[in-house]
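The lines below spell out each chain.
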Amino acid sequence: MSKISLMHSRTFHYLLIVVSLAFAWVLLPFWSAVFWGGTLAILFAPVQRRIINRVGGRRNLAALLTLAMVLLLVILPLAMIAGALVQEGANLYQSMRSGNLDFGKFFQQAISALPEPVHDMLARFDVGDVRSIQDKLTSGAMQASQFLATQAFNIGQDTFQFLISFGVMMYLLFFLLRDGSALSRRVRRAVPLSDMHKQHLFRKFTTVIRATVKGNVAVAAAQGTLGGIIFWVLGIQGALLWGVVMAFLSLLPAIGAGLIWAPVAIYFLLTGDTWQGIVLILFGVLVIGMVDNVLRPILVGKDTKLPDYLVLISTLGGMALFGLNGFVIGPLIAALFVACWDLFSPPEEVGDQTNPPPGVS
């Protein structure tokens, strides 16, 4: 290659990087809408293909029908849950403001029920000032409630921005459903890798997206529902709210929902409600915990081919960097990291990786 050709090639690559970064910067205000539009398009692509076959290849009609299915199966249920959650959160906030719900009082009751040797040990480690800790818990709970109230107000103020983002997501989703196959082929042709490597990476990308979203959402829905039911049965205030919190926390493998039900069970045991504590522990370990231990490896780990510890670390890191979207982005980056390094392995070691499970495209 001549010096002039090499210079032209480098100039083109620099220009490509600059315009790509500029395009990403333009999309940044709506990156969540773009991200979930693309994610939903990947999830519902098999449905779109089936509908196309049913309607005689009319892509516009098929995309509209798939979009309607997304609204009915995903958007409307989430909107109903969000509405119920806002009502439950408002009731909990009022209870905290009126003093009917006092976390500091609960802490005082739990500490008072501890045996004397434990009190001595707490005093030895300079944590015996129960009143100070109680005041901090009460203050923290009030600050948290004030924060939630502020966030609710901000959500109301940002309704217009939310509607715009929602419209962008649905608009983009329609075209990704309609033209997704052609766009995917165009991207594949543009990637400067061998066909085998491109097939390996693209299959890994779509597999991880589908497995992570479907698997984590299924586990979260199951654990949140079960946790809310047992809290309701035991008469715990705000069962729906705590169920939703457990659903969100269950996105963290192994440790998620237990962050809510375990302290409540300990409180029951310390304050003399022994049977409630035992029931909650047994239900949490044998039912809620088994959902995570059984469903997550089947729905997530089996397809992503990632070990549990890597899923946990990448999920935590992804959520720390990208918020709620990180429960998909984190494992996706981890899976692509492993897949790229697998390309350097000898062919016999990559063999199983380049043959994804049947039905994955």
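Just so you know, these numbers come straight off a predicted model, no measurement behind them.

(A) Focus on the environment of Leu 234. Relative to the helices and strands, Leu 234 is located in the loop between helix 9 (195-233) and helix 10 (239-249). Judged by its relative accessible area of 12%, Leu 234 is buried. Through-space distance from the C-alpha of Leu 234 to that of Leu 280 is 8.4 Å; in sequence the pair is 46 residues apart. Leave out the neighbours within four places in its chain, and Leu 234 touches Phe 268, Trp 275, Gln 276, Val 279 and Leu 280.

(B) The arrangement of a nonpolar patch on the surface in detail. A cluster of nonpolar side chains, namely Phe 23, Trp 25, Val 26, Leu 27, Leu 28, Trp 31, Leu 321, Phe 322 and Ile 333, defines an oily patch on the protein surface of about 970 Å² accessible area. Going through the elements one at a time, helix 1 (3-27) and helix 13 (308-322) are the ones with two or more residues in the nonpolar patch. Tallying contributions element by element places helix 1 first for the nonpolar patch, with four residues. Tracing the sequence through the fold places Ile 333 in helix 14 (residues 326-342).

(C) The arrangement of the nonpolar core in detail. Counting residues in each nonpolar core, the largest one holds 37 residues, and the members touching the most others are Trp 36, Leu 40, Phe 44, Val 70, Met 169, Leu 173 and Val 328. Of all elements in the fold, only helix 2 (31-43), helix 3 (45-54), helix 4 (59-98), helix 8 (159-190), helix 9 and helix 14 reach the threshold of two or more residues within this core.

(D) Fine view of the side chain of Gln 48. Looking at the secondary structure, you find Gln 48 in helix 3. Ignoring sequence-local partners within four residues, the contact set of Gln 48 consists of Arg 59, Ala 62, Ala 63, Thr 66, Leu 177 and Arg 178.

(E) Looking closely at a positive patch on the surface. Together, Arg 59, Arg 185, Arg 186 and Arg 189 make up a positively charged patch on the protein surface. With three residues, helix 8 is the largest single contributor of residues to the positive patch. Turning to its location among the elements, Arg 186 is positioned in helix 8. Overall, Arg 186 belongs to the exposed group, its relative accessible area being 59%.

(F) Structural context of helix 11 (residues 258-270). Relative to the 18 Å expected for 13 residues at 1.5 Å per residue, helix 11 spans 18 Å between its end C-alpha atoms, a close match to the ideal helical length. Taken together, the buried positions of helix 11 are occupied by Ile 260, Trp 261, Ala 265 and Phe 268. Viewed end-on, helix 11 has its buried residues packed into an arc of 115°, placing them on one side of the element.

Conventions adopted
Residues numbered from 1 in each chain as written. Predicted model: local features only at pLDDT ≥ 70, side-chain atom pairs only at ≥ 80, totals over all residues. Heavy atoms only, no water. Helix = DSSP H or I, 4+ residues; strand = E, 2+ residues; numbered from the N terminus. Buried < 20%, exposed > 50% of the residue type's maximum accessible area, 1.4 Å probe, protein only. Contact = heavy atoms within 4.5 Å. Patch = residues over 30% accessible without salt bridge, like charges linked within 9 Å, V, L, I, M, F, W, Y side chains within 5 Å. Areas by Shrake-Rupley, 256 points an atom, 1.4 Å probe, with all protein chains shown as cover. Salt bridge = Lys/Arg side-chain N within 4 Å of Asp/Glu carboxyl O. Core = buried A, V, L, I, M, F, W, Y, C linked by side-chain atoms within 4.5 Å. Lys, Arg positive; Asp, Glu negative; His and termini not counted. Charge placed at Lys NZ, Arg CZ, Asp CG, Glu CD. Expected span 1.5 Å × (residues − 1). Arc of directions from axis to C-beta.

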